Amino acid sequence: MKELNESHIKILKHFSNGLTHNLILWIISKESIHGYGIMKRLDEFFDFSNENCELKATSSKVYPILRKMEDKGLIRGEWQIVNNKRVKFYSITEDGEIVLNHIKNNMKRVLENPSWLDYLEDMTGREISREN
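Anyway, here's the lowdown on the structure attached to this text. (Residues numbered from 1 in each chain as written. Predicted model: local features only at pLDDT ≥ 70, side-chain atom pairs only at ≥ 80, totals over all residues. Heavy atoms only, no water.)

Looking at the environment of Asn5
Here is step 1: Tracing the backbone through its elements, the reader meets Asn5 in the segment before helix H1 (6-30).
Here is step 2: Look at Asn5 and you get partly exposed, because its relative accessible area is 33%.
Here is step 3: Among the polar contacts listed, one links the side chain of Asn5 to the backbone nitrogen of Ser7, at a separation of 2.9 Å. (Helix = DSSP H or I, 4+ residues; strand = E, 2+ residues; numbered from the N terminus. Buried < 20%, exposed > 50% of the residue type's maximum accessible area, 1.4 Å probe, protein only. Polar contact = N/O pair within 3.5 Å; in protein donor to acceptor, adjacent residues only side chain to side chain.)

Here's what the structure looks like:
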């Protein structure tokens with residue numbers, strides 16, 4: 001099998017980055033969670049690396065996203081003391097809930113669109129339920 005080249009790796013990274021923002025917002029909507037916890041949860045989603053392309057969540061990737069989301073009012077960070085250490089826990093704001101609900105509605109439309117279902121079946125090799 002041919003190895004991934006630099007161009008291929010960029011495509012995989014764009015795929016990962018495009019989902020990461022939405023996943024972070026969704027993860028935070030489920031619980032108040034600190035940055036390291038977010039990185040661990042993201043790694044559950046992106047557990048498909050190889051020797052040429054590492055798609056793990058790193059602090060240099062996640063914390064800038066968290067800062068931007070906080071600056072835009074989508075999430076709120078609150079410092080807490082855990083085991084005698086200051087740890088910042090993130091929770092979703094009302095604006096974040098509005099954005100997340102918009103994403104959810106778009107995802108529902110994706111699953112109602114036969115073209116998207118064909119794409120998902122082809123990409124996953126699995127039959128997607130076509131029931132509403």
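Details of a nonpolar patch on the surface
Here is step 1: A cluster of nonpolar side chains, Trp116, Tyr119 and Met123, forms an exposed patch at the surface whose accessible area comes to about 350 Å².
Here is step 2: Looking at where Trp116 falls in the secondary structure, it is placed in helix H5 (residues 114-124). (Patch = residues over 30% accessible without salt bridge, like charges linked within 9 Å, V, L, I, M, F, W, Y side chains within 5 Å. Areas by Shrake-Rupley, 256 points an atom, 1.4 Å probe, with all protein chains shown as cover. Salt bridge = Lys/Arg side-chain N within 4 Å of Asp/Glu carboxyl O.)

Quick look at the nonpolar core
Here is step 1: Counting 20 residues, the largest nonpolar core has Ile24, Ile28, Ile38, Leu42, Val62 and Leu66 as the members making the most contacts within it.
Here is step 2: For this core, the elements supplying multiple residues, two or more each, are H1, helix H2 (35-45), helix H3 (59-71) and strand E3 (85-92).
Here is step 3: The element best represented in this core is H1, accounting for five residues. (Core = buried A, V, L, I, M, F, W, Y, C linked by side-chain atoms within 4.5 Å.)

Side note on the pairing of E3
Here is step 1: With two bridges joining them, strand E1 (residues 33-34) and E3 adopt antiparallel strand pairing. Its bridge partner lying in E3, His34 is registered against Phe89.
Here is step 2: One ladder, built from eight bridges, connects strand E2 (residues 75-82) with E3; its direction is antiparallel. Following the sheet pairing, Gly77 is matched in E3 by Tyr90.
Here is step 3: The hairpin formed by E2 and E3 contains two residues between the paired strands, and Asn83 there has a positive phi angle of roughly 50 degrees. (Pairing = 2+ DSSP bridges.)

Some remarks on the packing of aromatic side chains
Here is step 1: All told, the structure shown has two aromatic pairs when counted by the stated rule.
Here is step 2: Measuring from centroid to centroid gives 6.0 Å for Trp26 and Phe45, while their planes differ by 85 degrees, and the two rings are edge-to-face. Here Phe45 lies in helix H2 and Trp26 lies in helix H1, a separation of 19 residues in the sequence.
Here is step 3: Ring centres of Trp116 and Tyr119 lie 5.5 Å apart, and the angle between their planes is 90 degrees; this geometry places the pair in the edge-to-face category. (Phe/Tyr/Trp six-rings, centres within 6.5 Å; stacked < 30°, edge-to-face > 60°.)

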